Number of protein chains: 6
Amino acid sequence: MNFEKYNFIGFEADYDESEIVFVGIPYDGTASYRPGTRFAPLAIREASLGLETYSPYQDESIEDLSIHDAGDMILPFGNSERVLAKINEYASKFIDDGKKLFSVGGEHLVTYPLFEAVYKKYPDMLLIHFDAHTDLREQYLGEELSHASVIRLINRTLPNKSIYQFGIRSGEKVEFEYGKNNLNFYPFHVNDANKVLSELPNDVPIYLTVDIDVLDPSVLPGTGTPEPGGVTFLELLVAIKGLKNKNVVAIDLVELSPHYDQSGVSTITASKLVREMILLFSK
Amino acid sequence: MNFEKYNFIGFEADYDESEIVFVGIPYDGTASYRPGTRFAPLAIREASLGLETYSPYQDESIEDLSIHDAGDMILPFGNSERVLAKINEYASKFIDDGKKLFSVGGEHLVTYPLFEAVYKKYPDMLLIHFDAHTDLREQYLGEELSHASVIRLINRTLPNKSIYQFGIRSGEKVEFEYGKNNLNFYPFHVNDANKVLSELPNDVPIYLTVDIDVLDPSVLPGTGTPEPGGVTFLELLVAIKGLKNKNVVAIDLVELSPHYDQSGVSTITASKLVREMILLFSK
Amino acid sequence: MNFEKYNFIGFEADYDESEIVFVGIPYDGTASYRPGTRFAPLAIREASLGLETYSPYQDESIEDLSIHDAGDMILPFGNSERVLAKINEYASKFIDDGKKLFSVGGEHLVTYPLFEAVYKKYPDMLLIHFDAHTDLREQYLGEELSHASVIRLINRTLPNKSIYQFGIRSGEKVEFEYGKNNLNFYPFHVNDANKVLSELPNDVPIYLTVDIDVLDPSVLPGTGTPEPGGVTFLELLVAIKGLKNKNVVAIDLVELSPHYDQSGVSTITASKLVREMILLFSK
Amino acid sequence: MNFEKYNFIGFEADYDESEIVFVGIPYDGTASYRPGTRFAPLAIREASLGLETYSPYQDESIEDLSIHDAGDMILPFGNSERVLAKINEYASKFIDDGKKLFSVGGEHLVTYPLFEAVYKKYPDMLLIHFDAHTDLREQYLGEELSHASVIRLINRTLPNKSIYQFGIRSGEKVEFEYGKNNLNFYPFHVNDANKVLSELPNDVPIYLTVDIDVLDPSVLPGTGTPEPGGVTFLELLVAIKGLKNKNVVAIDLVELSPHYDQSGVSTITASKLVREMILLFSK
Amino acid sequence: MNFEKYNFIGFEADYDESEIVFVGIPYDGTASYRPGTRFAPLAIREASLGLETYSPYQDESIEDLSIHDAGDMILPFGNSERVLAKINEYASKFIDDGKKLFSVGGEHLVTYPLFEAVYKKYPDMLLIHFDAHTDLREQYLGEELSHASVIRLINRTLPNKSIYQFGIRSGEKVEFEYGKNNLNFYPFHVNDANKVLSELPNDVPIYLTVDIDVLDPSVLPGTGTPEPGGVTFLELLVAIKGLKNKNVVAIDLVELSPHYDQSGVSTITASKLVREMILLFSK
Amino acid sequence: MNFEKYNFIGFEADYDESEIVFVGIPYDGTASYRPGTRFAPLAIREASLGLETYSPYQDESIEDLSIHDAGDMILPFGNSERVLAKINEYASKFIDDGKKLFSVGGEHLVTYPLFEAVYKKYPDMLLIHFDAHTDLREQYLGEELSHASVIRLINRTLPNKSIYQFGIRSGEKVEFEYGKNNLNFYPFHVNDANKVLSELPNDVPIYLTVDIDVLDPSVLPGTGTPEPGGVTFLELLVAIKGLKNKNVVAIDLVELSPHYDQSGVSTITASKLVREMILLFSK
């Protein structure tokens, strides 16, 4: 007899035999406006039960990959530094074990300790960042460790030219100027992303981080700081397919806040994005 | 003194004098993921009260047609076979009485007995199908009678080349292959539909079935299995207008699930679609 | 490293070492009015994370018991008979393995095959039934296998005087008369339940089935057919504590429909009820 | 073949043969705080489909009465005076035709023209009023015709001692003093209502008006100005049953605002109240 | 010590020193379909706290302007004529004091007394109108003073050729014909607006009125009469930027109904529109 | 001309002339289960507009008091220690200026710095605590500064016998034992509170802190950790009226989370509680 245990659909491999690990990071402690991303990982798994495992867009199935659903990280609460240290510890274990890593947030700050775990192994890595917001603040309301500063934090370690930003449409004037002057900065839309990404070398290690609010709020209302004027689902799909056959070593999808969309469409959309994004790990 | 009886707005003809019958089919017994389409027919009627009877898109008014709102079919519960037989009985009566038929689901399985009633009278008919899903399964979780297999069921009777599918973007690999290899299969979008449909002969009887999830979930979140990457309202409007001045004999609109969209927009959109689609019956 | 796998909180035993099995039965195929109970088992587990494992009402903790969370039954769809056979197969396995069984529905019809599995081993059993509705119909819209007839179905096997009903406040006139004339029938409230139950012999095997709509809709709006005029949470707690130190061998909690209560309170209440009810298994 | 036309369940009589007329009055034009009662009449009819026609509380069935569901009044918009005149016209017709009248609002101001129609025929009538609010203002924000002044308006015609108020728990100091000094005023609860009402003479004509916010918001959140500290469903039931076998000639139920309670419980509760209240017309 | 007083973010000037006044008009008394716009002004202010003050689209910040948030007008209730007189009184004061005026509705009827206040000072003004509906009715259900007739009311004073309509996609046949034959009428989309507007003379006084339902309901579900087939946020942004460097003297944004969109996205979108529109006042 | 600025209704005094200060503390940074209390202060003010200023329960009006609505504290984010220091700074200023203080949270942790400000001036004070939870943890997930430990934190300073707890029905076993053995501990209900409180000496300074989840979730679903089995609105009203004519110097109301109750009833209830509680300041 079999039982439904609410893993993400088709992610059925044991840890040891798996090539890819899928893990939830239910943390939203620095959300400044509307919290709730802590509920995303379980919601995405539940929504995945209504999903086909086959992608007609890529003509591939997640059943062809060997993916382990590890469950969610168990995190302390209230003190960001301790949380980040713990996330880094989990992620480092996966990376050390030779796994490719697909993480689901939680808020965007979780990308910082994930990045550090990946960077330790792949110091020549690139960061590909889709988002509505620059996340380039030096601090936010006096805090350095904030969802609004995560790319700036990473940029302390990772060189300017290893960072690509797509779809940005909100931030302070100084953030926009910093992006334009220093990074590979493609604001307002993702029309250039497919071409830019497909021209990257095939062997350089790539970390893909997608803040789901890069999508237009009509497509995905369930997020803490929705920004009108965003991209469609198909535009994002075309964009990330620029990474097909590249050396993607880690991916995260952050900032889904399921309770803010009672139709469930946001979570269903995120779940479908997980399917399309995790297929980037296939060769 | 007049009283509001919550018919669809402008559908004021008596049965005998009417050319067209509008009827609700509140059945969702095989919904596998998120049920609720049983609530659609009444919701659509209520929403229609906020609708203009005039369509500026077609420069016509539903008041120019003679339409009878019959109310909803009264159906047994729990046993699909008995339900389908009952639906067929209702529909056959309408068809036998020489009516054109506009049905509102309910789930997509209701199209099967409707089709049978229409086919009996019009064996040379074509089926025009808009949907996000192929609905071409041979069975679904062991059941042949399922919303996910309705077109396959019809295809047992209706020849391959009499079936047109538009907008499909989700299914199993075998379903996509079946569609591509056998049917008039136009997946992913509806851009070709207007041209394809307007080139059909003017006298062949046509059954139009629209699963409302062909629309993008941003446009219509209120459905059981929303599929990101769909079409806009105007794209669908252009598509179905390819049937203008054709010999449309029956239409259905299925899979609206009003409770999943608390803004009411999904139901309002469905209601407006009823107006635009029923004008296809005008000459 | 540990991971959150969304078992019910504190239900951490392996199957072999466990005394009690907790299982979800996500079936709502005969719901006539408002479906949605299929979503209850996972929702209850998620809500349990906000729950204390200690009950101040009973001064006991679920951590003192040895409980295995098996996940959910995987069920075919659309054909009630096949579903019930499958549920019976799962339940019989648990009972044969000597487990006490706590099931979470799903609709009330699931109690029928559970009962059959329990009855096979304990033919001298009693059924204790809390509900707003009699569930004593001979058929419902032509179907014998219905949530509205589940107690009548059981009553074909189990003698009248082995059935106790509490809290009933809705039904047809013939159902009320049948209950009054044949069963141990305590309608409208549960004020007598504690006394009646605590006077039962200590060794007779007991199956407790609680349709959660016995609670007043103010306390629990998240159910398919809410009935005003019901009981409070504390009244139900006092009532079921009449079974303390009795020989309870199986329990179910059915008819929670989480989506109908967006505050989440209904699911939280159901989750707390699971804690209080499963402590009836302790000695 | 029969069709569901969404009348209130069991209200199947033709107008001419009926003893009682049920009519909706979808007007909320003077709602000062949160509008939405215009949606109540249709919502109550839809919810009634999940209701039993038999009341175990009164051991009677609405099928034993002869009730015609007339649909809703069609009202002009924006100008209160014209609306009230129109309501009076409809109601006078019913009263003149010898019908007993059950009206569903809409806001409480609709009771004013209903009262006038009833009073014209029964000048010795009593008004029994259940509400959370006094509705005794001389004007509200400069308007005399307001939901907050409806009883005061009636009181211009109907003598002080012909008005009974139960359950009042909100108002201005002057309103409370007016009530205490002039009317039959029973504030804060309805504990005395059954006794007071059952001691009324059996032949005096009675108009019963129930503002549904007399119920506690836990029982009925779906209303425009919910007032904590109200009565339970069963308390209200006991109270109105004091009118059993009295000469009730007209009843209204007002101020349900369905959209404010997405669980649907408020509308279901109102629907069940309609069943219990309309049985007061039986002898 | 500072305190948050929930002004619109960045609107910090005192009245006397300000160039621009921002004011709320919480009136929805003639809403015929779904009321609720009265809640918009406060909701927009609250949502603005999650907004950046910098617009990357215009490379300007609202902090560069001198804007006073006056709070909301306090209006009588129930009688449209008195309400409109009061709005006119408030607006005339602002205009007389030499302020530019940004008003947030409330329903569209509020534009009529605002227009009158502006017209008195600027009789050579133009009216630029974005909307899904013509608002050109001579009356609505017998009322001349209606949200559905506001442009027709203005047109009694303002010449045909001083009125520009963009994005209209719903109305009666006679309304469409009136618009086409008499006004500057650009129905169905806003593609021509930027060009048409930028070719207006720079010194003519301009009143911009935006009914937010010109946006597609996918972008903005939170409005009383959503109309599928509308424009995107970016299309509207491009359109109104045709007014950059023109002599805009007054702006209003009407018909947001926050409660109909529980994701909050509609209010956030309106708040961002306020930012983009008020920057039209900058030179 | 007057403008609505959304102060709490009737709180119209200037700071200097006021006896009482009302202030919001929108902080929920340590919420472990479901965040959202940061939205409470503004929501309570908005809901207060539908409230009468007169309390029939106490036959007094808030207009008889001199109350200043200060707005909300502006707080840093993410670091609990800095937040608490800031709250203490605000509160100390009010206390030093001789004000009585009514604070609205936010989460319960905000009571700690408020207590410290009050205790500094009134070291002989008593703390009266209504709550569903003990809040007596030594730490929570490793954090000492947590909503779940706020009373334990206070207890480091304030002697056991100066702390009164009412209504507690959830916690760990050690917490219940600590409460029973050390504090004035009245669990499960508030039936004794009126008597206990009214017997306190009239001159001892009293701080009243009410976690709104002491109310039953049927009465108040809008809170982060609802606990079934709580008290009614009227029971709480009777309880706190035990403090009438005592020397109450500070009050707070915490843990309302408005978004979890879309009916708005929770916020309306909280708003009415503010009215009833602030009248405790009157003599």
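Everything below is about the structure printed above this text.
The structure presented is a predicted model; accordingly, all values stated were derived computationally and were not measured.

> Sorry, what's going on with the packing of helix 7 (residues 233–240) of chain A against helix 8 (residues 265–278) of chain A here?
Packed helix pairs are characterised by how far apart their axes lie and by the angle those axes make with each other. Residues and elements named next belong to chain A. Between helix 7 and helix 8, the shortest axis-to-axis distance is 11 Å and the interhelical angle comes to 20°. In terms of orientation, helix 7 lies roughly parallel with respect to helix 8. Crossing of helix 7 against helix 8: the hand is right-handed. Taken together, the residues of helix 8 that come into contact with helix 7 (itself represented by Phe233, Leu236, Leu237 and Ile240) are Thr269, Lys272, Leu273, Glu276 and Met277. The residue inventory of the contact of helix 7 with helix 8, partitioned by class, reads six nonpolar, one polar and two charged.

> Help me out: how do you make sense of the pairing of strand 11 (residues 247–254) of chain E in this one?
Each regular strand shows side chains that alternate between the opposite faces of the sheet. Residues and elements named next belong to chain E. Here strand 11 lies mainly inside the structure; seven of its eight residues are buried. Sheet topology note: the strand 6 (residues 100–105)/strand 11 ladder contains four bridges and is parallel. Bridge assignment links Phe102 to a residue of strand 11, and that residue is Ile251. The pairing of strand 10 (residues 205–211) with strand 11 spans seven bridges and is parallel. Counterpart to Thr209 in the pairing with strand 11 is Asp252. Once the chain exits strand 10 it traverses helix 7 (residues 233–240) before rejoining the sheet at strand 11, and the crossover so formed is right-handed.

> In this structure, what is going on with the relation of the copies chain A and chain C? I would like to understand it.
Both copies of the chain are related by a screw-like operation: a rotation about an axis and a shift along it. Expressed as a screw transformation, the operator carrying chain A onto chain C has a rotation angle of 180° and an axial translation of 0.0 Å, and the superposed copies differ by an RMSD of 0.0 Å. The operation mapping one copy onto its partner corresponds to a two-fold rotation axis. Here 100% of the interface residues in chain A have copies in chain C that are interface residues too; the copies meet face to matching face.

> What am I meant to see in the packing of helix 1 (residues 40–48) of chain C against helix 8 (residues 265–278) of chain C here?
All names here are of chain C. It is the contact of helix 1 with helix 8, at a shortest axis distance of 8 Å, that shows an interaxial angle of 80°. With respect to helix 8, the element helix 1 is oriented roughly perpendicular. Touching Ala43, Ile44, Ala47 and Ser48 of helix 1 are Thr267, Ile268, Ala270, Ser271 and Val274, all from helix 8. Of the residues belonging to the contact of helix 1 with helix 8, the class tally is six nonpolar, three polar and no charged.

> Can you help me understand the pattern of salt bridges in this one?
Between side chains of opposite charge, pairing is possible as soon as their charged atoms come close. Tallied over the full model, the rule gives 94 salt bridges over all chains. With its nearest N and O atoms 4.0 Å apart, the salt bridge here joins D:Glu89 to D:Lys86. Remark: D:Lys86 and D:Glu89 occur in helix 2 (residues 80–96); sequence separation between them is three residues, near one turn of the helix. Via salt bridges that share partners, A:Glu52, B:Arg137, B:Glu172 and B:Glu175 belong to a single interconnected network.

> Just checking my understanding: could you explain the interface of chain A and chain C for this structure?
Accessible area lost on assembly of the parts is the figure often given for the size of an interface. Facing 23 residues of chain A, the contacting portion of chain C comprises 23 residues. At the boundary of chain A with chain C, total buried surface from both sides reaches about 2000 Å², with 63% on carbon and sulfur atoms. It is A:Met1, A:Phe3 and A:Leu42 that lose the most area in chain A upon contact with chain C, and together they represent 31% of the buried surface on that side. Connecting chain A to chain C are zero salt bridges. There are eight residue pairs in polar contact (both at pLDDT 80 or more) connecting chain A and chain C. When residues in the side of chain A that touches chain C are grouped by element, the largest group, five residues, is from strand 5 (residues 67–73) of chain A. Within the side of chain A that touches chain C, the residues separate by chemical class into 11 nonpolar, four polar and eight charged. Across two bridges, the pairing between strand 1 (residues 3–4) of chain A and strand 5 (residues 67–73) of chain C is antiparallel.

> Honestly, the sheet that holds strand 5 (residues 67–73) of chain F in this entry has me stumped. Any pointers?
Spatial ordering of the open sheet is given by 1(E)-5(F)-2(F)-6(F)-11(F)-10(F)-7(F)-8(F)-9(F), a layout of nine strands whose pairing is mixed. Bordering the open sheet on either side are strand 1 (3–4) of chain E together with strand 9 (184–186) of chain F, each of which pairs with just one other strand.

> Would you mind showing me how to read the relation of the copies chain D and chain E here?
With an RMSD of 0.0 Å, chain D superimposes on chain E once it is rotated by 180° and translated 0.0 Å along the axis. Mapped onto chain E, 95% of the interface residues of chain D are again interface residues, and the two copies thus contact each other with one and the same surface.

> What is the right way to look at the arrangement of the chains in this model?
A minimum C-alpha distance of 11 Å separates chain C and chain E, which share no contact. A minimum C-alpha distance of 11 Å separates chain B and chain F, which share no contact.

> How should I be thinking about the interface of chain D and chain E in this particular structure?
Every contact between the two is made by 21 residues of chain D and, on the other side, 20 residues of chain E. In this assembly, chain D packs against chain E so that about 1600 Å² is buried in total across both faces, 46% of it on carbon and sulfur atoms. Inspection of the chain D/chain E interface yields zero salt bridges. In this assembly, chain D and chain E are joined by three residue pairs in polar contact (both at pLDDT 80 or more). Of the residues that constitute the side of chain D that touches chain E, the class distribution is eight nonpolar, eight polar and five charged.

What counts and what doesn't
- Residues numbered from 1 in each chain as written.
- Chains lettered and ligands numbered in written order.
- Predicted model: local features only at pLDDT ≥ 70, side-chain atom pairs only at ≥ 80, totals over all residues.
- Heavy atoms only, no water.
- Axes fitted to C-alpha atoms, helices over the stretch in contact; angles between N-to-C directions.
- Helix = DSSP H or I, 4+ residues; strand = E, 2+ residues; numbered from the N terminus.
- Parallel < 35°, antiparallel > 145°, perpendicular 65-115°, else oblique.
- Left-handed = near helix turned anticlockwise from the far one by under 90°.
- Contact = heavy atoms within 4.5 Å.
- Nonpolar A, V, L, I, M, F, W, Y, C, P; charged D, E, K, R; others polar.
- Buried < 20%, exposed > 50% of the residue type's maximum accessible area, 1.4 Å probe, protein only.
- Pairing = 2+ DSSP bridges.
- Right-handed = clockwise from strand over helix to strand, strands pointing away.
- Least-squares fit on C-alpha atoms with pLDDT ≥ 70 in both.
- Salt bridge = Lys/Arg side-chain N within 4 Å of Asp/Glu carboxyl O.
- Buried area = accessible area lost by both parts, 1.4 Å probe.
- Polar contact = N/O pair within 3.5 Å; in protein donor to acceptor, adjacent residues only side chain to side chain.

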